[in-house]
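Listed below are the residues making up each chain.
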Amino acid sequence: MKRSQLTLTGETYRLTPDSWGNTSIMVDEDVVAQSTAEAFGIESCEPEGDLDSVEIATDGNGKFFAILEPFTRAGKTYNENMFRPCQNPADATHGSASIYGITWDIFEDEAE
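Residues numbered from 1 in each chain as written. Predicted model: local features only at pLDDT ≥ 70, side-chain atom pairs only at ≥ 80, totals over all residues. Heavy atoms only, no water.

## So, the overall build of the protein chain
For the protein chain, the count of helices and strands is 1 helix and 9 strands. The order of α-helices and β-strands along the protein chain, N terminus first, is β-β-α-β-β-β-β-β-β-β. For the protein chain, the proportion of its 112 residues judged to be buried stands at 29%. Across the protein chain, contacts joining residues at least 24 apart in sequence account for 51% of those joining residues at least 6 apart. (Helix = DSSP H or I, 4+ residues; strand = E, 2+ residues; numbered from the N terminus. Buried < 20%, exposed > 50% of the residue type's maximum accessible area, 1.4 Å probe, protein only. Contact = heavy atoms within 4.5 Å.)

Next comes the structure, spelled out in structure tokens:
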């Protein structure tokens, strides 16, 4: 898939660890924190640290995609041109939206 085939929705969210080592999109950080605290039987649980972020985009068929936002550390850039299909954030349950698939795909090069 080419990046030009997607239209950004203007939404950006942080990712959060999910069950079985997966990640999900934190649509409502407060609800995710509350659900996590309840699951572990603790009083509170606030998302901390450098969590990856995604921009949400749609294709011509209305399917949703999460595009990883790149970041740079020690002069090296990570997460460039990576995407995965995802759930519509408006349909999120328990404050988070699902990301589909096992690995992140890489956009095809655009013709210059």
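## Describing the sheet that holds strand β9 (residues 105-106)
Pairing in this open sheet of 7 strands is antiparallel, and the strands run β8-β2-β1-β3-β4-β7-β9 from one edge to the other. The sheet is open, and its two borders are formed by β8 (96-98) and β9, each paired with just one other strand. The pairing of strand β2 (residues 23-26) with β8 spans 3 bridges and is antiparallel. Counterpart to Ile25 in the pairing with β8 is Ala97. (Pairing = 2+ DSSP bridges.)

## Side note on the pairing of strand β1 (residues 7-17)
With 5 bridges joining them, β1 and strand β3 (residues 53-58) adopt antiparallel strand pairing. The residue of β3 that forms the bridge with Tyr13 is Val54.

## Brief notes about the environment of Gly60
Relative to the helices and strands, Gly60 is located in the loop between β3 and β4 (64-68). Each C-alpha atom of the pair Gly60 and Gln5 lies 7.3 Å from the other, and the pair is 55 residues apart in sequence.

## So, the nonpolar core
Formed by Tyr13, Leu15, Ile25, Val54, Ile56, Phe64, Ala66, Leu68, Cys86, Ala97, Ile99 and Trp104, the largest nonpolar core amounts to 12 residues. Here this core gets 3 residues from one element, more than from any other, and that element is β4. Sequence-distant contacts of Ala66, defined by excluding residues within four places in its chain, comprise Ile25, Val54, Glu55, Ile56, Met82, Phe83, Arg84, Cys86 and Trp104. Judged by nonpolar contacts, the second largest core, of 6 residues, contains Leu6, Ala57, Phe83 and Phe107. (Core = buried A, V, L, I, M, F, W, Y, C linked by side-chain atoms within 4.5 Å.)

## Brief notes about the packing of aromatic side chains
Aromatic rings considered in pairs are described by the distance between their centres and by the relative angle of their planes. Under the criterion given, the structure shown has 3 aromatic pairs. On the numbers, 4.4 Å between centres and 20° between planes, the contact of Phe83 with Phe107 is stacked. Placement of the pair is Phe83 in strand β7 (residues 82-86) and Phe107 in the segment after β9, with a sequence separation of 24 residues. With respect to class, Phe83 is no different from Phe107; both count as buried. Three or more aromatic residues link up through ring pairs in this structure, and these residues are Phe65, Phe83 and Phe107. (Phe/Tyr/Trp six-rings, centres within 6.5 Å; stacked < 30°, edge-to-face > 60°.)

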